[in-house]
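Chain and residue survey
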Protein chains: 2
Amino acid sequence: MRPDDTGRGRPPTMADIAAHLGVSRQLVSLVLRDAPGASDRTRRRVRQVAEQLGYSAHVGARSLRRTRSTDLGVVFTPAHSTEPEIIEHIYPAAAAHGYDLILSAQTAVRATGQAVEELLGHRCAGLIVIGSHLDHAGLRALSRRSPVPVVDVGYGRRNAHYDVVRSAGDVGIAAMVGHLAGLGHRAIAYVDPVAMPAAALRRRGYDRAVRRLGLAADVHAVPGEYVKGDYFDEAGATAGRTLLRRASLPTAVVTPNDHTAVGVLQVLLREGVRVPQDVSVTGFDDAPIARLSSVDLTTVRQDPELMGVAAVRAAVRRIGDAGLAPGEAVVPTALVERGSTAPPGSRRF
Amino acid sequence: MRPDDTGRGRPPTMADIAAHLGVSRQLVSLVLRDAPGASDRTRRRVRQVAEQLGYSAHVGARSLRRTRSTDLGVVFTPAHSTEPEIIEHIYPAAAAHGYDLILSAQTAVRATGQAVEELLGHRCAGLIVIGSHLDHAGLRALSRRSPVPVVDVGYGRRNAHYDVVRSAGDVGIAAMVGHLAGLGHRAIAYVDPVAMPAAALRRRGYDRAVRRLGLAADVHAVPGEYVKGDYFDEAGATAGRTLLRRASLPTAVVTPNDHTAVGVLQVLLREGVRVPQDVSVTGFDDAPIARLSSVDLTTVRQDPELMGVAAVRAAVRRIGDAGLAPGEAVVPTALVERGSTAPPGSRRF
DNA sequence: ACATAGAACTGGCACGTGCTAGTTTTTGTC
DNA sequence: GACAAAAACTAGCACGTGCCAGTTCTATGT
């Protein structure tokens, strides 16, 4: 049934491989960690028997004995739309530096702290915390408690306790406003879901761009509660309804979040407003929903690959030299033009 | 900086706690694993010092020594929309049985096999594979290779090698058709994205319901490639455009996937068709997108909590008795009525 | 044939914990 | 206050691996 059972109930160990070949366990160890000191013939034989017995190294024993850990701990929120994409790209980034990943989820009933605690038990060399619900004080406490460097991927700012990786939200939004102005838009509204952690930064981008272009600011701030899952979407829908009640619609609506943009979009579509012919709508994140061919949202891409790479790089840097001061990596954004934007008053074929 | 440094570069161990109190390491071990044989006073003191030193058990050392593993390995796809929700609910389910979780991602560049291999290195007591891209032969090979029981959460069928957990897709779709018929619909179309793994099962539900109700079957099969990320959405959009080209629209469109439903929805909305006033549209999965207040899709809920509970239960059952034959758990679905359905020809206020 | 260096291989200890089998201390009983 | 029994605590080995310090083998040059 199982691969070559050694008779014992346990999975095969290096000793089993060694016994099988009539060599010492140390030699097997040498081969399996690619250390010098074994002949090619021996390497082949060891590898073959390992395969045959279905050997798999005991991660626990290895981490127990090893001086240097080769694991990075990652905390993430499974239910979030963009975080899992970062996870996906963080694997190769870590592998490039010789690190494995250990994932730990933070959920509604499982706090960041608990996830971190579990990772520390695995003796990771560093911690990457993605989209934590903790504020600065919480993250600082967490960094103090952690014997290894902590990297926060989110919306934090440079500080003395943990590394920060975030996207250039202000620049991204400003670029979007500039793009719309380039298409000929003059009436560009902005929806501001103020309870969103990154809201302030992105809002600054709008304000700055509008001022520089000499346009009239037209901000629709929507209060709310961040913990509520559908807040983003709801905020867009609310702002959309407000817009519809006005005498005239703007020609473009900029939002700092894809879900908020979809909220606006749906409300407009249901009232017979054409997008992008009558109104252009834009988002932020390039979440999966923005890519749906039916939604086809022009948005600001928060590159998950670059975020992952930057996070790993920050962790590796401080693992290498614990004395270094934590840094701040600002990942550039990219404008993704899709079908929800067009010159004002345009008709499509 | 760090919590009470013991002077060594390493994190504190049980021996450190013991030395701090002038007791033996074994006593500390007793207390920390809640074993009998220590006075209340000692328990308090040990716990206090552990806290003070920032002690965290070395998972590796523990798994090395322990007879019985207390970890369940979970393979999942971060980019998928519904799997992360199962992850979220699987934590408490595992905890209820005394198990911790070790997550391992499968991505475009990281095959199921690689994720499993890593988990086996952690010496998990069982493996839960969610939404694997492997077919039955692949899963069978994987189960053979694994020294511990494997549970497949997806679309497999009962077999002798691994446990299967899946939702009752046929029953769910049939219930949806029945619900629409109850609202007065007679022209109920079905979009069939045939490349979707669960497509066949769900299609059977439509066929069965239509036959039972004496309605005319109206199926729009859309071929495609499963690996292509936006296939589901595209399939819906394609089917929607086909429908619009016909002389008359059906009064309801049933789809076996939320993204497909959104594809249909968007195409209809853009052509001025009102949902649900003119046409009702339904999905399957209750993915996050269905809950967006702007989409507000009536759908069939594939309860992620029940899936998680069933998966853990299956794993625990076979961990307890490896001789048991693998089972098949069919998780019931629930109809979630939202705003995309209404009686035919109805006008909302 | 002999020394020599390098390649190939082995011995032994340590990592931090769980568990079984002991030993000491406290408690209860007449 | 002696004795048993229970409670509280300790000794020691084992888990599978990495790494350092040896030891044996093989090739090379004279």
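Residues numbered from 1 in each chain as written. Chains lettered and ligands numbered in written order. Predicted model: local features only at pLDDT ≥ 70, side-chain atom pairs only at ≥ 80, totals over all residues. Heavy atoms only, no water.

Topic: the protein's contact with DNA strand C
We count it as follows: Near residues are defined by distance, with any heavy atom within 4 Å of the molecule or strand qualifying the residue. Contacts described as polar in this section are N or O atom pairs within 3.5 Å, which, within protein, must combine one atom able to donate a hydrogen with one able to accept it, while residues neighboring in sequence count only if both atoms come from side chains. Helix numbers and strand numbers start at the N terminus; a helix is a DSSP run of H or I with at least 4 residues, a strand a run of E with at least 2. Put simply, Ala, Val, Leu, Ile, Met, Phe, Trp, Tyr, Cys and Pro go in the nonpolar bin, Asp, Glu, Lys and Arg in the charged bin, and everything else, Gly too, in the polar bin.
By nearness alone, 26 residues border DNA strand C, and Ser24 and Arg65 of chain A together with Arg25, Tyr55 and Arg65 of chain B come closest of all. At a separation of 3.0 Å, a phosphate oxygen of DNA strand C approaches a polar backbone atom of Ser39 of chain A. Contact distances for DNA strand C include 3.4 Å between a phosphate oxygen and a backbone N or O atom of His58 of chain B. Where the surface near DNA strand C is concerned, the elements lending two or more residues are helix H2 (25–32) and helix H4 (59–65) of chain A together with helix H2 (25–32) and helix H4 (59–65) of chain B. Taken together, the residues of the surface near DNA strand C sort by class into 9 nonpolar, 9 polar and 8 charged.

Structural notes on the sheet that holds strand E9 (residues 280–282) of chain A
Within a sheet, neighbouring strands are paired by backbone hydrogen bonds and run either parallel or antiparallel to one another. Residues and elements named next belong to chain A. Heads up, the rule is: At least two bridges found by DSSP between two strands are what make those strands a pair. Geometry is summarised by axes, namely lines fitted to C-alpha atoms with helices restricted to the contacting stretch, and by angles between N-to-C directions that run from 0 to 180 degrees. The contact definition used throughout considers only heavy atoms, calling two residues in contact when any of these lie within 4.5 Å.
Across the sheet, which stays open at both edges, the 4 strands sit in the order E7-E6-E8-E9 with parallel pairing between neighbours. Of all strands in the sheet, those with a lone pairing partner are strand E7 (219–221) and E9, marking the two edges. Ignoring strand direction, the axes of neighbouring strands in this sheet form an average angle of 20°. Against the sheet, helix H9 (residues 199–213) engages strand E6 (188–192) and E7, with an angle of about 170° to E6.

Overview of the domain arrangement of chain A
Residues and elements named next belong to chain A. What counts is decided by this rule: Each domain's limits were defined by an automated method or a database of domain assignments. For any pair of parts, buried area is found by adding up, for both, the accessible area (1.4 Å probe) each one loses once the two are put together. Here, a salt bridge means any Lys or Arg side-chain nitrogen found within 4 Å of an Asp or Glu carboxyl oxygen.
Entries for chain A in the domain assignment read domain 1 (14–57), domain 2 (69–166 + 304–331) and domain 3 (169–302). Taking only C-alpha atoms into account, the centre of domain 2 sits 30 Å from that of domain 3. Contact residues are listed per partner, giving 8 residues for domain 2 and 13 residues for domain 3. When domain 2 packs against domain 3, close to 850 Å² is buried across both sides, 58% of that on carbon and sulfur atoms. Ranking the residues of domain 2 by area buried against domain 3 places Glu85, Tyr155 and Pro304 at the top, with a combined share of 46%. Summed over the shared surface of domain 2 and domain 3, the result is 1 salt bridge. Among the salt bridges present, the one from Glu85 reaches Arg291, with a minimum N-O distance of 2.8 Å.

Re the protein's contact with DNA strand D
As a structural note, the neighbourhood of DNA strand D is formed by 26 residues, with Arg25, Tyr55 and Arg65 of chain A together with Ser24 and Arg65 of chain B the closest of them. Sugar plus phosphate: this is where 51% of the atoms of DNA strand D within 4 Å of the protein reside. Taking Met14 of chain A, its main chain carries an N or O atom lying 2.8 Å from a phosphate oxygen of DNA strand D. A distance of 2.9 Å is found between a phosphate oxygen of DNA strand D and a side-chain nitrogen or oxygen belonging to Thr42 of chain B. Secondary structure elements with two or more residues in the surface near DNA strand D: H2 and H4 of chain A together with H2 and H4 of chain B. With 4 residues, H4 of chain A is the largest single contributor of residues to the surface near DNA strand D. Residues belonging to the surface near DNA strand D are distributed by class as follows: 9 nonpolar, 9 polar and 8 charged.

Concerning the pattern of salt bridges
Residue and element names in this part refer to chain A. To keep things clear, this is the line we draw: Three exposure classes are used, based on accessible area relative to the maximum for each residue type with a 1.4 Å probe and protein chains only: buried under 20%, partly exposed in between, and exposed over 50%.
Considering all chains together, one arrives at 34 salt bridges over all chains under this definition. We note a salt bridge from Arg246 to Asp218, for which the minimum N-O separation is 3.2 Å. Pair noted here: Arg246 is in the loop between helix H10 (231–245) and strand E8 (252–254) and Asp218 is in the loop between H9 and E7, with a separation of 28 residues, a long-range link. Owing to a relative accessible area of 18%, Asp218 belongs among the buried residues under this scheme. Linked through salt bridges whose partners overlap, the residues forming this network are Glu85, Asp286, Arg291, Arg301, Asp303 and Arg338.

So, the interface of chain B and chain A
Many authors give the size of an interface as the accessible area that is lost as the parts come together. Taken together, the contact between chain B and chain A spans 57 residues of the former and 57 residues of the latter. Across the chain B to chain A interface the summed buried area is about 5300 Å²; carbon plus sulfur atoms make up 55%. Between chain B and chain A we count 0 salt bridges in total. Run the count over chain B and chain A and you get 10 residue pairs in polar contact (both at pLDDT 80 or more). Within the residue set of the side of chain B that touches chain A, elements represented by two or more residues are H4, helix H5 (83–96), strand E2 (100–105), helix H6 (112–121), helix H7 (136–145), helix H10 (231–245) and helix H11 (258–270) of chain B. Here the residues of the side of chain B that touches chain A sort into 29 nonpolar, 16 polar and 12 charged.

Re the environment of Ser340 of chain A
All names here are of chain A. Within the element layout of this structure, Ser340 appears in the segment after strand E12 (334–336). Using a relative accessible area of 1% as the deciding quantity, one classes Ser340 as buried. Along the primary structure Ser340 and Asn159 are separated by 181 residues, whereas in three dimensions their C-alpha atoms are 38 Å apart. If near-sequence neighbours (up to four positions away) are discounted, Ser340 is found in contact with Val275, Pro276, Val279, Ser280, Val281, Asp296, Leu297 and Thr298. Separated by 2.6 Å, the side chain of Ser340 and the backbone oxygen of Val281 make a polar contact.

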